[in-house]
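Survey of secondary and tertiary structure
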Amino acid sequence: VLINIIGYFVMKVDKQRARAGKTRIPENVLFSISILGGSAGTIIAMRRSRHKKKKRSFSVGIPIMLVFNVILLAFLIYMLYMS
């Protein structure tokens, strides 16, 4: 849950910086947060703030990461209960 909150706020800060013309958060940081489990928070921020929705790498890549995160979580839960 914490990584999703971080993902949400990092995307929100990047949007604020974009509007203000300030230095942006690198895309590799945004992707890293998503692959580490923050993809749901990142997607919510993308939808709510209309940020990076038109970039194919984000509009396709982040949902793929969400699927990966869900599969990995399901596998970890399965392994925890099977042992």
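In this report, we go over the structure that sits alongside the text. Just so we're clear, the structure is a prediction, and the values are computed from it rather than from any experiment. Within any chain, residue numbers begin from 1 and follow the written order of that chain's sequence. Local features in a predicted model are, by the rule used here, given only for residues with pLDDT of at least 70; side-chain atom pairs are given and counted only at 80 or more, and totals for whole chains, interfaces and linings are based on all residues. The basis for every side-chain value is the complete set of heavy atoms in the structure, and neither hydrogens nor water enter the calculation.

Along its 23 residues, helix H2 (residues 27-49) runs just 16 Å from first to last C-alpha, ending more than 12% under the 33 Å computed at 1.5 Å per residue. Two axes enter the bend calculation: one fitted to the seven residues ending at the residue in question, the other to the seven starting there, and the bend is the angle between them. Numbering of helices and strands runs from the N terminus, with a helix taken as a DSSP run of H or I at least four residues long and a strand as a DSSP run of E at least two residues long. Gly38 marks where H2 bends most, by close to 125°. All of the buried residues in H2 are Leu30, Phe31, Ile33, Ser34, Gly38, Ser39, Gly41, Thr42, Ile43, Ala45, Met46 and Ser49. Contact definition: two residues touch when any of their heavy atoms are within 4.5 Å. As for H2, its buried residues are in contact with helix H1 (2-20), helix H3 (56-59) and helix H4 (61-82). The positive-phi residue at the C-terminal boundary of H2 is Arg50, with phi of around 50°. Under the convention used throughout, the expected extent of a helix is 1.5 Å for every residue step, that is, one less than its residue count. Burial classes: relative accessible area under 20% of the type maximum marks a residue as buried, over 50% as exposed, and values in between as partly exposed (1.4 Å probe, protein chains only).

Now for H4. With 22 residues, H4 extends 31 Å between its outermost C-alpha atoms, agreeing within 8% with the 32 Å of an ideal straight helix rising 1.5 Å per residue. Every buried residue belonging to H4 is among Gly61, Ile62, Met65 and Asn69, and all of these are buried. Looking straight down H4, one finds that the buried residues subtend no more than 80° of arc, so they occupy a single side. Exposed residues pointing more than 90 degrees away from the buried face of H4 are listed as Ile64, Val70, Ile71, Tyr81 and Met82. Along the arc lie the directions from the helix axis toward the C-beta atoms.

Taken as a whole, the largest pocket encloses approximately 170 Å³ of empty space. Those elements that provide at least two residues to the lining of the largest pocket are H2 and H4. The element best represented in the lining of the largest pocket is H4, accounting for six residues. Along the lines of polarity and charge, the residues of the lining of the largest pocket split into eight nonpolar, four polar and no charged. Cavity means a closed set of points on a 1 Å grid over the protein atoms alone, one where a 1.4 Å probe fits but cannot get out, pocket means an open set with protein on both sides within 12 Å along at least 5 of 7 lines, and lining means a residue has an atom within 4 Å of a point. Grid points are joined across faces, edges and corners, and a volume is the space filled by probe spheres set on the points. Residues are grouped as follows: Ala, Val, Leu, Ile, Met, Phe, Trp, Tyr, Cys and Pro are nonpolar; Asp, Glu, Lys and Arg are charged; all remaining types, including Gly, are polar.

This next bit is on the packing of H1 against H2. Working convention: axes come from line fits to C-alpha atoms, limited for helices to the stretch in contact. Angles between N-to-C directions cover 0 to 180 degrees. Relative orientation of the contacting elements H1 and H2 amounts to 60°, with a least axis distance of 7 Å. One element, H1, and the other, H2, form an angle in the oblique class. Crossing geometry of H1 relative to H2 is assigned as right-handed. A per-class count over the contact of H1 with H2 returns twelve nonpolar, eight polar and three charged. Each angle gets one of four labels, with under 35 degrees taken as roughly parallel, over 145 as roughly antiparallel, 65 to 115 as roughly perpendicular, and the rest as oblique. A clockwise turn of the near helix away from the far one marks a right-handed crossing, whereas an anticlockwise turn of less than a right angle marks a left-handed crossing.

Just distances and angles here, no functional claims.
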